[in-house]
Amino acid sequence: MESVRARPRRAIAFATALGLAALFITPAASPPAAASTGAGSSVTVTYSSYNVDEGSFRLTPQATKVLTPLSASTAMTINVDPSVQYQQYEGWGSSLEDATVYHLTRLSSANRESALHALVSKTGGNMNLWRTTIGCADFCRTAKTTGFWTYADNNGVPDPTLSSFSIDRDIADGKIAIMQRMKQINPEVRFFASMWSPPGWMKTTGSITGPQNVFGHCHSDGTEPRVQHGSTGPHHTNSPNDYYPVLADYYVKYLQAYAAQGIPIHAVTLQNEPDIQMPYPTTCFTPGQMQDFAKILTQKLTTAGLGTKVWGMDANLTGQTFAYADALLGDPAANAAVDGIAYHNYDNTKMWQPNAVAAQYPTKTQHMTEITQGANKLIEFFRGGVSSYTGWATMFEYSWCDAVDDNSNDLVLCNAGPSWWSDRRVNPNDPDADTPSLISPRAGDPTQYDLNGWYYIWGQFSRHLQLGAKRIDSTDRMGNVSNVAFRNPDGTVVVVVANRPDATGLPDSEAARYNTTQLDTAAAPLPIPAPHGGILH
């Protein structure tokens, strides 16, 4: 096992609070004896501050370092062993929900081009895995005006042949053009798609949304929104119709329509958050119902000649993680239909479930498909077994309003929009809120944009990792230092190190603990680890 040594911050002469170091190691072309210690290998170091508004480090490259043989020292040591490999890296990105598309299309053409390059180009963020929505999600520009929509609403009249299906709205709103341009800028960009709701006429409630003023886990009394699944079988919905085959056709039409626009969809999730109901587009599936739908969907995809991957669950880690995973992967037919399991982490629990699922079902991939998080949690996610990370709500803005959930009768800061959340007070403990989005419209001039803290933190991962990289073994968290290591297909090794995972002083239960982009945390030393058995000079 190769040893990684660290030196104190003073050797690098930092001037401000430092949050992240990404180390990009290129092995030296040397005899095996020298290579075994890493001597002569070059190390590229990139820094980002947590408090990006106050700090000067924003994916800032430092002078290239060279490794020398390891010697006795009391410095903190991170051991990296490339011979021990874990999951394969499959990409990094954020979301292209309707609110983000709205803000991107408000940019001037030159600034929109600049913003897309910053997000996806190899020399920019290199964010190459993006989540898009099948229809309208809660972050929908028309949520508070004309309401939510799908691709086959048909004025609420049942349309089982889907003759009314159309993605014209995505074309008119500029979404298709943005996705096309992203792939032109970086051909490695891939998209996966999630559904919040099918057309209301497919559902037991007849509505795209869940019941108003009902929040939380799905009921089981018949008032919850489900896709009609007949009146027989172990997972039926006591409905006159079984629309699971029609819903599968809806997916197929969506995939074919996007492919016709030059946008192949890499994967679909079976349903966004199938275990909750909200007053915005939501659809409930029990684990058994999701199992049934997975089998039908994959049959339809195969018949249509589509190789799109299918990811199940797409929900929070707590709740019914293993109930969904076992229903989808423990059943032989469903196992053959599902390629991976998708997770959210709004409960902020420690990330360990993907490793447990992977241990039982090692041929299936694990994916973090929704939540915006800081470096410590991102490291935890990958150490926990996920192959990809996708944040949520890429571009939004806040507004002042008389919030529906505020009793002061004064204007308060309201949530991200345009969306269903726009008239709701910001919750400072929401990891997707109370911080600027990855990229935001400039205050007072929506034709310009700003890159914010998340961009520089996420870039420490996405800019250096290559598709197909393998996570490799490295020392677990030591005090306030956490790390994760990868070996790229070209042989380079990337180690991302965060130095203040607990700097807020908040308990695990507080989501803001990980929102270190917006908390004024104090400076702290960062030991600089150097993989391959050397010490930085």
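Reading the values: the criteria
Residues numbered from 1 in each chain as written. Predicted model: local features only at pLDDT ≥ 70, side-chain atom pairs only at ≥ 80, totals over all residues. Heavy atoms only, no water. Helix = DSSP H or I, 4+ residues; strand = E, 2+ residues; numbered from the N terminus. Buried < 20%, exposed > 50% of the residue type's maximum accessible area, 1.4 Å probe, protein only. Contact = heavy atoms within 4.5 Å. Pairing = 2+ DSSP bridges. Axes fitted to C-alpha atoms, helices over the stretch in contact; angles between N-to-C directions. Parallel < 35°, antiparallel > 145°, perpendicular 65-115°, else oblique. Left-handed = near helix turned anticlockwise from the far one by under 90°. Phe/Tyr/Trp six-rings, centres within 6.5 Å; stacked < 30°, edge-to-face > 60°. Lys NZ or Arg CZ within 6 Å of the ring centre and 35° of its normal. Polar contact = N/O pair within 3.5 Å; in protein donor to acceptor, adjacent residues only side chain to side chain. Expected span 1.5 Å × (residues − 1). Arc of directions from axis to C-beta. Salt bridge = Lys/Arg side-chain N within 4 Å of Asp/Glu carboxyl O.

A. A look at the overall build of the protein chain. Scanning the protein chain from terminus to terminus reveals 12 helices and 26 strands. Going through the 537 residues of the protein chain one by one, you find that 58% of them count as buried. In the protein chain, the share of contacts with a sequence separation of at least 24, taken over all contacts with a separation of at least 6, comes to 71%.

B. Structural view of the sheet that holds strand 15 (residues 340-344). Strand order across the open sheet formed by nine strands is 7-17-16-15-14-12-10-9-8, with parallel pairing between neighbours. Unpaired on one side and paired on the other, strand 7 (91-93) and strand 8 (95-96) mark the two borders of the sheet. Here strand 16 (residues 365-370) runs beside strand 17 (residues 388-390); their pairing, made up of two bridges, is parallel. Note on strand 17: the bridge partner recorded for Met368 is Tyr389. Against the sheet, helix 6 (residues 244-260) contacts strand 9 (129-134), strand 10 (190-195) and strand 12 (265-269), and its axis sits at roughly 155 degrees relative to strand 12.

C. Spatial organisation of the packing of helix 8 (residues 321-329) against helix 10 (residues 353-360). Between helix 8 and helix 10, the least distance of the axes is 11 Å, while the angle of their chain directions is 25 degrees. In terms of their interaxial angle, helix 8 and helix 10 are classed as roughly parallel. When you trace helix 8 past helix 10, the crossing you get is right-handed. Judged by residue contacts, Thr321, Phe322, Ala325, Asp326 and Leu329 of helix 8 engage Gln353, Ala356, Val357 and Gln360 from helix 10.

D. Geometry of the pairing of strand 10. Of all six residues that make up strand 10, five are buried, and the element is covered over most of its length. Pairing of strand 9 with strand 10, which is carried by six bridges, proceeds in the parallel orientation. Bridging across to strand 10, Thr133 finds its partner in Ser194. One ladder, built from three bridges, connects strand 10 with strand 12; its direction is parallel. Note on strand 12: the bridge partner recorded for Phe191 is Ile265.

E. Quick peek at the packing of aromatic side chains. All told, the structure shown has 32 aromatic pairs when counted by the stated rule. An angle of 85 degrees between the planes, with centres 5.3 Å apart, marks the rings of Tyr389 and Trp458 as edge-to-face. Taken as a pair, Tyr389 in strand 17 and Trp458 in helix 12 (residues 453-462) lie far apart in primary sequence, 69 residues in all. Taken as a pair, Tyr389 and Trp458 share a single burial class, namely buried. Three or more aromatic residues joined by ring pairs make a cluster, and in this case those are Tyr89, Trp92, Phe381, Phe382, Tyr389, Trp454, Trp458, Phe461 and Phe486. The ring of Tyr86 has Arg471 lying over it, and the distance from NZ or CZ to the ring centre is 4.1 Å.

F. Local environment of the side chain of Ser94. Here Ser94 shows up in the loop between strand 7 and strand 8. In terms of polar contacts, Ser94 uses its side chain to reach the side chain of Thr394, at 2.7 Å. Every residue in contact with Ser94, bar those within four places of it in the chain, is listed here: Leu129, Trp130, Arg131, Thr390, Gly391, Trp392, Thr394, Leu438 and Trp458.

G. View of helix 7 (residues 287-303). For helix 7, built from 17 residues, the straight-helix expectation of 24 Å at 1.5 Å per residue is met to within 8% by its first-to-last C-alpha distance of 25 Å. Here helix 7 lies mainly inside the structure; 12 of its 17 residues are buried. Turning to helix 7, its buried residues are Pro287, Gly288, Gln289, Met290, Gln291, Asp292, Phe293, Ala294, Ile296, Leu297, Thr298 and Leu301. Two residues or fewer past helix 7, Gly305 is found with a positive phi of approximately 75 degrees.

H. Fine view of helix 3 (residues 109-120). Relative to the 16 Å expected for 12 residues at 1.5 Å per residue, helix 3 spans 17 Å between its end C-alpha atoms, a close match to the ideal helical length. Among all positions in helix 3, only Ala115, Leu116, Ala118, Leu119 and Val120 are buried. Seen end-on, helix 3 carries its buried residues on one side only, within an arc spanning 165 degrees. In the core, the buried residues of helix 3 are packed alongside helix 2 (98-106), strand 9, helix 5 (175-185), strand 20 (439-442), strand 21 (445-451) and helix 12.

I. How the structure looks around the pattern of salt bridges. For the coordinates displayed, the defined rule picks out 15 salt bridges. Salt-bridge contacts for Asp314 lead to Arg131; the nearest nitrogen and oxygen are separated by 2.9 Å. In this pair, Asp314 sits in strand 14 (residues 309-316) while Arg131 sits in strand 9, placing the two residues 183 residues apart along the sequence. Residue Asp314 is classed as buried on the basis of its relative accessible area, which comes to 0%. A salt bridge links Arg131 to Glu370; its shortest N-O distance comes to 2.5 Å. Residue Arg131 is located in strand 9, and its partner Glu370 is located in strand 16; the two are separated by 239 residues in the primary sequence.

J. Looking closely at the environment of Ala315. For Ala315, the position within the fold is in strand 14. The exposure class assigned to Ala315 is buried, which follows from its relative accessible area of 1%. Sequence separation between Ala315 and Asn272 is 43 residues, and the spatial gap between their C-alpha atoms is 6.6 Å. Not counting residues within four places of it along the chain, the set of residues in contact with Ala315 comprises Glu273, Pro274, Asp275, Ala342, Tyr343 and His344.

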